[in-house]
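Structural characterization, general
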Amino acid sequence: MNTGSLLAADLVIAVLAAAGWLGGGAASVARRRPLALGLAPFALLATVARAITITALARAGWWFAAEKALIAAPLSLAAVVVAGPRLLRTPRDIRSVAVPLLFAGYAGSGALLVTVLHGYPASAGTGLLAVAGVLAATAVSWRVLGRRPSRTVSRAALAVAVAALVTGTGLAATPDAAPAVPHDHEYRNARTVGEPTRRFTLTAGTATVSVSGRDVAAWAFNGQVPGPELTATVGDVLEVTLRNRDIARGVTLHWHGYDVPNSQDGVPGVTQAAVLPGQEFVYRFRADQVGTYWYHTHAVSDVGVRRGLYGVLVVRPAPVTGVDVTVPVHTLEGLPLPAPKTEPVEAGVPVRLRLINTDSTTHRYALAGTPFRVAAIDGSDLQGPTSLVDTAVLVPAGGRYDLVLTAPATPVALFVDGRAVYLTGPVSATTDAWPVLDPLTYGSASPVPWSRFDKEFTLVLDRGLDLHGLLPRYAHTVNGAADPDIPPQVVRLGDVVKFTIVNRSQFVHPWHLHGHHVLVLSRNGKPATGSPLWLDSFDVRPGDVWEVAFRADNPGTWANHCHNLAHADAGMTLHLMYS
Ligand code: C2O
Ligand code: CU
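Cut-offs applied
Residues numbered from 1 in each chain as written. Chains lettered and ligands numbered in written order. Predicted model: local features only at pLDDT ≥ 70, side-chain atom pairs only at ≥ 80, totals over all residues. Heavy atoms only, no water. Donors = N, O, S within 2.8 Å, 3.2 Å for Na, K, Ca; no water. Helix = DSSP H or I, 4+ residues; strand = E, 2+ residues; numbered from the N terminus. Buried < 20%, exposed > 50% of the residue type's maximum accessible area, 1.4 Å probe, protein only. Core = buried A, V, L, I, M, F, W, Y, C linked by side-chain atoms within 4.5 Å. Contact = heavy atoms within 4.5 Å. Bend = angle between axes of the 7 residues up to and from the residue. Expected span 1.5 Å × (residues − 1). Polar contact = N/O pair within 3.5 Å; in protein donor to acceptor, adjacent residues only side chain to side chain. pLDDT = per-residue confidence, 0-100. Phe/Tyr/Trp six-rings, centres within 6.5 Å; stacked < 30°, edge-to-face > 60°. Lys NZ or Arg CZ within 6 Å of the ring centre and 35° of its normal.

On to the coordination of the copper ion (ligand 2), then. Angles between donor atoms at a metal ideally measure 109.5 degrees for a four-coordinate tetrahedral arrangement and either 90 or 180 degrees for a six-coordinate octahedral one. Protein coordination of the copper ion (ligand 2) is provided by H509 (ND1), C562 (SG) and H567 (ND1), with donor distances spanning 2.0 Å. Site description for the copper ion (ligand 2): donor spacing in sequence, H-x52-C-x4-H. Highlighted residues: H509 in strand β24 (residues 509-513) and C562 in strand β30 (residues 557-562), separated in sequence by 53 residues. Comparing H509 with C562, the two get one shared label, buried.

Encoded structure:
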């Protein structure tokens, strides 16, 4: 069982245990003896079973188990000690075990709430708060059931509650809250990069676009979704004028995966102010990286990108030879883009398919009818890519894969999640059962260029209650905090930086650092053995631990966030800063 399933299993068992205890308690209050005597042993069993799941999680990494080992385990133990012996004595009056069973139920629920509402990191405050809650609920039940809670229980509840308040509840206090970003600093002006050789104008506005015969209300660049494809040859100087016609919440342009100077990165509130209706902003940068990229608005990015403010950016080494097509996949109002396109290709012609995932969740691509190679991922060429056949690739949100092939005499077809999007002729194939390529073992290796790291950071991804804003929210968190309260990671120019990214949530988090490409070192303790992988977007699945590294060579303040943009908006955004 992998760590992700283990996390899910542990959660399910914890819910069953708590529900079993509470149900048993309620049944005994109602004098439903058989029900109570059925539920309670079941709960006991589930509680004991957690010893196994918690131990296994601790072995997978302390991040996964901390609060379970430190808070849930002692509470579960107390539940077993208090309720277990009383059950074994099979009471004549079933009501006499009601309070012990309810206590066990509160203990289980309290521990569960700690995991669900706070998670990582475990703190004394949260632990004490949980204990205080359990004791208080037990005391109240005791009273309601017509007996007086013992002095000891009442006093203990009071003492623990006070201690919890003094320690800080842990829910309200972040580990070391720090202001994330100087939100009102003066944005630096575009660096001089020479005379533009390619000029574009993108005007953002509301528009009605037609998708598979249906009219859809969208937000579009130049009235189209995706926006115009921006192409350049390496060495070009791009000048892109962004205008906002009527997007009230503002727009910007972020060059996803393109490591531009910080002032051109297009993050509102960090590198520039959002461009409001009637305003414009001119971006200028040198196209010195070849490859497949994309651009999108970074103002209210979840809504903005979903509604259509995105497009493709391709920088080619030289004029195109053969067939070179981009396949940006997107879901607009539930309708899949692009529409299927058929174009016959003569046998022997080289074909490059640039797959781009502009959605917030992973897409599965499958190329049928031909062997192919994965030439590049996230704009960086792979080393020694071998020929693949009947193999699918998973492209994370924001990610790009370039597939290359030599057109065979027979038709080929590219499927996205089973839907054909690009064909050179009629092909019918079922690709669902194909194995999926693991890029960490694909291609030929090179040694990691660094043997030591100047800075190391760990990001633990989770969910938790965020009480810092005007309204409480169930945020997506990093190290127990949500944007804007996540302390930034501070590096110096030239530092070699290592990130360990741990996902203890039930969601896939496509990680995306601006301004840098990271080299994948390992995933779940296994070193990457394939071609060096320089990524800007990678799926950190539930239970995953990724180690990645990069050289801090692009000064500025950079967003570092989950590219499931709804998660990013719900707290999962922090910043990398240069000191
Ligand atoms: Cu494509 Cu900050 O994002
Ligand atoms: Cu996410």
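With that out of the way, let us pick up the nonpolar core. Core analysis: the largest hydrophobic core is formed by 56 residues, its most contacted members being L353, V374, L414 and W511. No other element matches strand β9 (residues 323-332), which puts 4 residues into this core. Excluding its chain neighbours within four sequence positions, the residues that come into contact with L353 are V325, L367, Y401, D402, L403, L405, L414 and Y422. If you look at the next biggest cluster of nonpolar residues, it comprises 25 residues, including L202, L238, L253 and Y283.

Right, let's get into helix α3 (residues 62-88). Along α3, the sharpest change in direction is near 40 degrees and occurs at A69. Downstream of α3 by a residue or two, T90 has a phi angle that is positive, lying close to 25 degrees.

The terminal C-alpha atoms of helix α5 (residues 124-144) lie 30 Å apart, and with 21 residues this matches the ideal 30 Å at 1.5 Å per residue to within 8%. Packing partners of the buried residues in α5 comprise α3, α4 (98-118) and α6 (151-167). Just downstream of α5 lies G146, where phi reads positive at about 90 degrees.

Attention now moves to the environment of I13. Counting through the fold element by element, I13 comes out in helix α1 (residues 3-29). Taking C-alpha positions, I13 is 31 Å from V436, a pair spaced 423 residues apart along the chain. Every residue in contact with I13, bar those within four places of it in the chain, is listed here: A46, A49, R50 and T53.

Here T370 shows up in the loop between β13 (363-368) and β14 (373-377). If we ignore the near neighbours within four places in the chain, the residues touching T370 are L388, V389, L405, T406, P408 and V412.

What follows concerns the environment of R199. Tracing the backbone through its elements, the reader meets R199 in strand β1 (residues 198-211). For R199, a relative accessible area of 53% gives the class exposed. Note: C-alpha distance between R199 and V240 (41 residues apart in sequence) is 5.8 Å.

Right, let's get into the environment of E67. Structurally, the position occupied by E67 is in helix α3. With a relative accessible area of 1%, E67 lands in the buried category. Considering only alpha carbons, one finds E67 and A8, 59 residues apart in sequence, at a separation of 15 Å. With near-sequence residues (within four places) excluded, E67 lies in contact with A72, V114, T115, G119, A122 and R504. A distance of 3.3 Å separates a polar atom in the side chain of E67 from a polar atom in the side chain of K68.

Here the focus is the confidence of the model for the chain. On average, residues of the chain carry a pLDDT of 93, and 96% of them reach 70 or more. Segment residues 170-180: pLDDT under 50, and 28 contacts once partners within four positions in sequence are set aside and those in other chains are kept.

What follows deals with the packing of aromatic side chains. All chains considered together, the criterion is met by 13 aromatic pairs. Ring geometry for W63 against F64: centres 6.1 Å apart, planes inclined by 90 degrees, an arrangement best described as edge-to-face. Using a relative accessible area of 23% as the deciding quantity, one classes W63 as partly exposed. On the basis of an interplanar angle of 75 degrees and a centroid distance of 6.0 Å, the ring pair of F457 and F499 is categorised as edge-to-face. Highlighted residues: F457 in strand β20 (residues 455-466) and F499 in strand β23 (residues 496-503), separated in sequence by 42 residues. F457 gets classed as buried once you look at its relative accessible area, which sits at 17%. Through successive ring pairs, a cluster of aromatic residues spans F221, W255, Y258, F281, Y283, F285, Y293 and Y295. A cation sits over an aromatic face here: R523 above W546, 5.8 Å from the ring centre.

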